[in-house]
Amino acid sequence: MADPRPRVEYLAGFCCPLGGLAAGKPRVLCHGAEIFLSTGRELVYVYDREGRLLIAVYKFPGQVWHLELLALHKVLYVLCAQSGIYCLSLDQTTRSVSRDKEDGGDDQDSDDGQVGEPPVPVIHVDPESCVLPDASLHAFTVLDDALITLALGPTQWKMQLFERPSPGEDPRPRGQIGEVDLSTCTPPAESQGAAAAPCFLPVLCCASPPGSRTPLGHSWSSEGVMLEGALFGLLFGADAALLESPVVLCGLPDGQLCCVIIKTLVTSTSALGDPKALVKILHHLEEPVVFIGALRTEPLAEDVEDIHCDCLVALGHHGRTLAIKASWDEAGHLVPELREYSVPGPVLCAACDRSSHVYHSTSAGLCVVNLAQEGSPLDPTESDGAPGSLPPLLYPDNLGICSLVTLCVSSSVPEGGAELLALSAKGRLMICRPDPHDEAPQPSRVTSAKAGQKIKQLLSGIGTVSERVSSLKKAVDQRDKALTCLNEVMNVSCALLSSREGPRPISCTISTTWSRLQLQDVLVATCLLENSSGFSLDRGWALCIQVLRSSQALDLDSAGSAVTYTIPVDQLGPGGRREVTLPLGPGEDGALDLPVTVSCALFYSLREVVGSALTPRDPFKDPPSAECTPIVLPEQDGVCLPLSEHTVDMLQGLRFPSLGVPYTQALGPARDPIHTFLGTCRVPGSQPAGPESLRAKYLPPSVATIKVSAELLRAALGDSHAGVSLGCATLQWLLAENAAADIVKAQALSSVQGVAPDGTDVHLIIREVAVTDLCPAGPVQAVEIQVESSSLANLCRAHHAIVGRLQRLVVEQAARGSSPPDLRLQYLHQMQANHEMLLREVQTLRDRLCTEDEASSCVTAQRLLQVYRRLRSPSLLLL
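The rules we used
- Residues numbered from 1 in each chain as written.
- Predicted model: local features only at pLDDT ≥ 70, side-chain atom pairs only at ≥ 80, totals over all residues.
- Heavy atoms only, no water.
- Helix = DSSP H or I, 4+ residues; strand = E, 2+ residues; numbered from the N terminus.
- Expected span 1.5 Å × (residues − 1).
- Contact = heavy atoms within 4.5 Å.
- Salt bridge = Lys/Arg side-chain N within 4 Å of Asp/Glu carboxyl O.
- Buried < 20%, exposed > 50% of the residue type's maximum accessible area, 1.4 Å probe, protein only.
- Phe/Tyr/Trp six-rings, centres within 6.5 Å; stacked < 30°, edge-to-face > 60°.
- Pairing = 2+ DSSP bridges.
- Axes fitted to C-alpha atoms, helices over the stretch in contact; angles between N-to-C directions.
- Parallel < 35°, antiparallel > 145°, perpendicular 65-115°, else oblique.
- Left-handed = near helix turned anticlockwise from the far one by under 90°.

Caption draft 1: Region of interest: helix α15 (residues 854-872). Taking 1.5 Å as the rise per residue, α15 with 19 residues should run 27 Å; its terminal C-alpha atoms sit 27 Å apart, in good agreement. Looking at the packing, one finds that the buried side of α15 touches α14 (825-849).

Caption draft 2: Broad picture of the pattern of salt bridges. A full pass over the atoms with the stated rule returns 19 salt bridges. Asp-521 is the partner of Arg-655 in a salt bridge, and the nearest nitrogen-oxygen pair spans 2.8 Å. Of this pair, Arg-655 sits in the loop between α7 (650-653) and α8 (673-680) while Asp-521 is found in strand β33 (residues 520-531), placing the two residues 134 residues apart along the sequence. Accessibility classification places Arg-655 together with Asp-521 in one group, the buried group. One salt bridge connects Arg-863 with Glu-841, and the closest N-O pair in it is separated by 2.7 Å. Taken together, the positions of Arg-863 in helix α15 and Glu-841 in helix α14 put the pair 22 residues apart, joining distant regions of the chain. By relative accessible area, Arg-863 is classed as partly exposed at 30%. Among the residues examined, Glu-841 registers a relative accessible area of 22% and is labelled partly exposed.

Caption draft 3: Geometry of the packing of aromatic side chains. Per the stated rule, a full pass over the model turns up 4 aromatic pairs. With a centroid separation of 4.6 Å and an interplanar angle of 50°, the aromatic rings of Phe-14 and Tyr-45 are classed as tilted. Residue Phe-14 is located in the loop between β1 (7-13) and β2 (27-31), and its partner Tyr-45 is located in strand β4 (residues 43-48); the two are separated by 31 residues in the primary sequence. Ring centres of Phe-60 and Tyr-86 lie 5.5 Å apart, and the angle between their planes is 75°; this geometry places the pair in the edge-to-face category. Taken together, the residues Phe-60 in the loop between β5 (53-59) and β6 (64-70) and Tyr-86 in strand β8 (residues 84-89) connect sequence positions 26 residues apart. A relative accessible area of 3% means that Phe-60 is categorised as buried.

Caption draft 4: Focus on the sheet that holds strand β41 (residues 761-771). Taken in spatial order, the 5 strands line up as β40-β41-β42-β39-β43 in an open sheet, and their pairing is mixed. Of all strands in the sheet, those bounded by a partner on one side alone are β40 (751-755) and β43 (877-878). Here β40 pairs with β41 via 5 bridges, running antiparallel. The residue of β41 that forms the bridge with Gln-753 is His-763. Set on the sheet, helix α10 (residues 710-717) makes contact with β39 (702-709), β42 (780-789) and β43; between it and β39 the angle comes to about 75°.

Caption draft 5: Examining the packing of α14 against α15 more closely. In contact at an axis separation of 10 Å, α14 and α15 are set at 155° when each is read in the N-to-C sense. One way to sum up the angle between α14 and α15 is to call them roughly antiparallel. Every pair of crossing elements has a handedness; the one defined by α14 and α15 is left-handed. Each of His-835, Leu-838, Leu-839, Glu-841, Val-842, Leu-845, Arg-846, Arg-848 and Leu-849 in α14 lies in contact with α15, whose residues at this interface are Ser-857, Thr-860, Ala-861, Arg-863, Leu-864, Val-867, Tyr-868, Arg-870 and Leu-871.

Rendered as C-alpha cells:
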C-alpha cells in the first residue's frame, strides 16, 4: 500500500496523572468545529477547533467511562463510573447546571499548553442530570428514541433497552422496553469489584441496513454504522433484513463478539421461547475486544452518493483482528468471508476512515492497514479466489506517533484523504492527517550481476548476524547460569545463617584417629561434610579446612602461617556426604604440637562462576584490544560460610598399646639410621644411654592433680554413665573423643597408661576422695584427676586439655542454675595466701639460680622442683 506520511497539528494540552493516561477510558468526539473530550477522569471538555479555545468544562461525580453525542438534538450522554448515565443539553439557553466561578481555575493544570485564557469556569453537573442511575452499567449506546445499556451482573452481562423521551420532554427514559442476557460465563475478576475500575470495558456499536430508520425515530448517535444489504443479511439473518431493524454489536472483555436485533428485543417481553435465542454469537477473539467498526473496501460507482460499508472489523487487545465481508464462492453463491489477521499490539485504540484503512494505536506508534484487495476486483487471475475478497495478509505501516489512547475520525475529512482526532497519553489533543497520495518508491531494475552481488552481501550479513546472535545467546546463557548459581548461594547462606541454634542443614563433623603411613604413626583428622538441606552444592563450592597449631596460635607474628586445605565439593546433592582425610602430624621434625585447631568452612568462588558472566563481550561490536580489561572483583572474591571448629588436644592424641587399640603401637617418629644401628649393637641387658632414658631413670615423673566436686560431675554426666563408678565415668568422659573410648568403657577402667605422640608415657588416674575443712556441713565428696608423665611438656598439654573440658562443664552447669554449697571463707583465704606465697617463692628461686655457683644451684633447683610440684597439685576444689 501507499506509504502515508502524517502531518501532525497540536491543538491543546490537558491535565493527566503522573504516569500518563491509560487506554480504554479516554474518549474524543467531534461535531463540526466542536470537540468533546474526556481523559477518563471526572472532567469533560468542550473545545472549539476553529477558535482554538476551550469553551466549557463539565465536572462529574466520578470517572467518565463513555461519551455519546446526538448531534441533531445537541445532546451529550455521559456514563459515569459507579453512578449511571447523565444527559447534558449543549444548548446554552437551556443548560440546567450550576456554575462555580470560584473553583473555575483549580481543576486545570498549568501545563494545558494552548488552552485559551482566561481559564474557563468548571461547570459542576447537577445530580438531577443523571437520567439512568445504575452502578452496574459499563457501556451504552443511543438511538434517536432508544437507549441501550450493558450492565454487569453477578455472573453475566445483561443488555437493556429503554425508550427515550421526545425532544423538550423530561430527559429521563420512560421505561424499560426489553432486556436479554448476553453471556453466562464469569466476567473478568477486575470487573467484579465495585470499587476497582475494570481494565477493559465492553464495546457497543449499532449497525443498520441501507435505508432503515431507527426503531422509533430518525437519527443515529456517534457510534452508528450502515452496512450493505448483502453483508447485513448474511451476518444477522433474514429477520433483521426484513424488519429493517438496527442491530447492536457487542464486544466483551472475554473476547466474545455477539449481536442483538433491536426490534426483536422490543417484542421480547411478549414473545414466547428462550430469551437467549435473541443473542447471536458471531465470533470469539479469545482476547478483550477493544474496537468494533465498519469500512468500505471497494470503490463506489460514480453515480452513487450514499456510502454503505461492505466490511465489518473487530480488533482485540493483543492484535487479533477479525474482518467479515460478503463475497462470492466458486458456485456463484453469496457467502460471508471471514478472515483473522494479527497486527502489532497491544492495541490501545482504533478507528476506521471512509476508505479501506484501519488505524490502531500501540505504545510503539500509530499503525495503519489497508483492507482493500490489491489489483482489479474483476481480474480473473486474482490469486485469492473470488473478486472483491479480503487480502490474505495485512502489512501495517507505522506512522510514527506514539502512545495515542483514543482516536476519532473527523467529520471534516479532506477530499481523498483522512483526518484523525487523537489524544496522547500525555494529554495532548492533536490532528493527524495521513496523506494517501504519497506513493512508495518503486524498486529500480537491477542486472543479474548486481542481484548476485546483493544476494552475497545479504547472505554475508545473515551469517554475521547469526554469529552475533550465537555469541549474545552464549553471554545470556552464562548470565542466566550465574544468576541461578547466585540464587542457590543465597539459599544456602540463608539456611546456614538462620540455623545457628540446633542442627544445621549443612554440617561438618571432625574426628581424629591414628593411622600408619609410610612406616610412621600419623594422627589423622577426618572431616565428614553432610548436606541435609534441600539445596545442591554444585560447581564453585569448596570445603576449606584450616589447621592452626598451638605454637602458631600463641605467636602473634605467625598468624598467617596456618595451613589451609581447599577441596572442591563438586555436585553434593541433598542427603549426600563427602569425607576428607588429612594428616595432622607429626611433621618432618618428628614433633606434634598439641592442641591443634581444625576449622571447616564452605567457600563459594565468585571469580570462577560469576567472573566470566560479568564481562560478556560482543565480538562484532566491541573488538578485543589491549586496553580492554575485565571487571575486577572485590578482594574477597567469594562467600565464606563457617561450619564447625574442633580442637584436637592431648587427650585425643593419646595412644593405649596396653589396651590393644588398633594403630597404637608406639613406634614414635622415624629415627636416624645411625642411632638405630648403635641401638642394635648395644650389649644385651645394658640400659640405653639417651637423654630420655636418663630422665626416666633418675628423675621421678611429673605429677599434676585436679579435684572436682562429685556432685558437679554427677549432674553433668547424668544417666549416660549409670551402672559404673564415678571414677570410671569420669575417665570415660575425658576420653570420649579418643579412639580407645569404647575399650575404656567396656573394661570399666578408672586409670589408664597412655603414650603421647612423641613416645613418652602419660598416666591418668581417677580417685574418689573426701575434702575436709572446706564445708561447715562436713567433708565434700570429690573426684581427684591425676596426671603423671616423665615429660613436663606432655604433662602440661594433658593438664590443659582436662582444664578446658572442666571449664566448659562448669559454664554449662552454671547456665542451668546450679549453686555451690556453703563454704568456709577463712579456709579459702588461707589456701589463696599459700598459693601466692608459693608463687613468690618460685620467683625468688629463679632469681637465685642466675647468681649461684654450680654446687649451690643444685639445691635451689631441687627446691624449685618441689615448689612446682606443690603448685601443680593445689588443695583447691572445683565446685
